Amino acid sequence: MKKTKKQLVVRAFTPIAKPLNASIQKNSTMLLLGEIPYINGEKTFNTKVYYIKGLRGMLRHAAMSLAQDCGIEVCHTSEKTELKDGTKLIPNGFHPFGACDTPCILRRIFGSFREESRISVYADPITSISHKEYNTDVAVQRVHILSENRIALSYEGIPIQDFRESYFSGYFTFSIDVTLLTKEEIKFLMESLLYIETLGGGKNAGYGQVKLLDFDLLKIEVIKTVKRNNGIYKVNEEIEAESIEFDEIEDWRTILDALDA
Ligand SMILES: [Zn+2]
């Protein structure tokens, strides 16, 4: 089996982010995926792994900002145009979600109610490992994870409403599968990365700042073969990756104009 795909691999850093994944009663924690074993020296330890939620939304917002900057009308995240009291929900430069007759560039990439998205965004789960050296069977990203018990209300020094929040800090990588996109759509997405600002909640309080470090566009070839070994069929997977070089990232604009004309 041979499969070829195209992937944008993005490296970023956050000093502190709270992806606000799961809420259990008054606790807002990151989405726990489970525990995995890791080996340090001769010993086996367990570590909790978490999911970074919100990467796709972060990317969608970045893409909206780029389109807005270029004066290209695209889908907003809201399908409603205004609230009952007349408050407008759709800023200038956007149309309600999925309302474009000819799908706009955002809808072509991120989909709408009826159309599936043509990209997928994913990241290896994050984990906090205190040992310097570690070995795991599955791919994880090592970051710093911290939890804090906070008190929102207290009465004569006794907490009457406390809650727990989780954060992570560190370098992280995420990938966008762009196999189904045209060259121009990939370029649009690449430029969108420059507009990435925050991930998760609490941005007014300074949480979730994301610094984009670098990215690469890869052509990845996965070759899977099966071999009988010791009475069972063993699957062997080989992965080859090479960089795809694009020049003139910004020329998606002119080509898009020509397509729309
Ligand atoms: Zn649209």
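This is a predicted model, so every value here is computed, not measured.

Caption draft 1: Spatial organisation of the pairing of strand β5 (residues 43-51). In this structure, strand β4 (residues 31-40) lies alongside β5, joined through 9 bridges in antiparallel fashion. Bridged to Ile36 within β5 is Thr47. Between β4 and the antiparallel strand that follows it, β5, lie 2 residues; Gly41 among them carries a positive phi value of about 65°. With 2 bridges joining them, β5 and strand β9 (residues 126-127) adopt antiparallel strand pairing. Looking across to β9, one finds that Tyr50 is bridged to Ile126.

Caption draft 2: Representation of the sheet that holds β9. The 4 strands are arranged β4-β5-β9-β10 in an open sheet whose pairing can be described as mixed. The sheet is open, and its two edges are formed by β4 and β10 (141-142), each paired on a single side.

Caption draft 3: Spotlight on the environment of Gln141. Note on placement: Gln141 falls in strand β10. Put simply, Gln141 and Val49 are 92 residues apart on the chain and 9.0 Å apart in space, counted from C-alpha to C-alpha. Not counting residues within four places of it along the chain, the set of residues in contact with Gln141 comprises Asp124, Ile126, Phe172 and Thr173.

Criteria and cut-off values
- The residue numbering used here restarts from 1 in each chain and proceeds along that chain's sequence as written.
- With pLDDT at 70 or above as the cut-off, local features in this predicted model cover only qualifying residues; side-chain atom pairs require 80 or more to be listed or tallied, and sums for whole chains, interfaces and linings still use all residues.
- For two strands to be treated as a pair, DSSP must find no fewer than two bridges joining them.
- A run of DSSP states H or I qualifies as a helix once it reaches four residues; a run of E qualifies as a strand once it reaches two. Both are numbered from the N-terminal end.
- Whether two residues are in contact is decided by their C-beta atoms, placed from the backbone, lying within 7 Å.

Remember that the coordinates give geometry; whether it matters functionally is a separate question.
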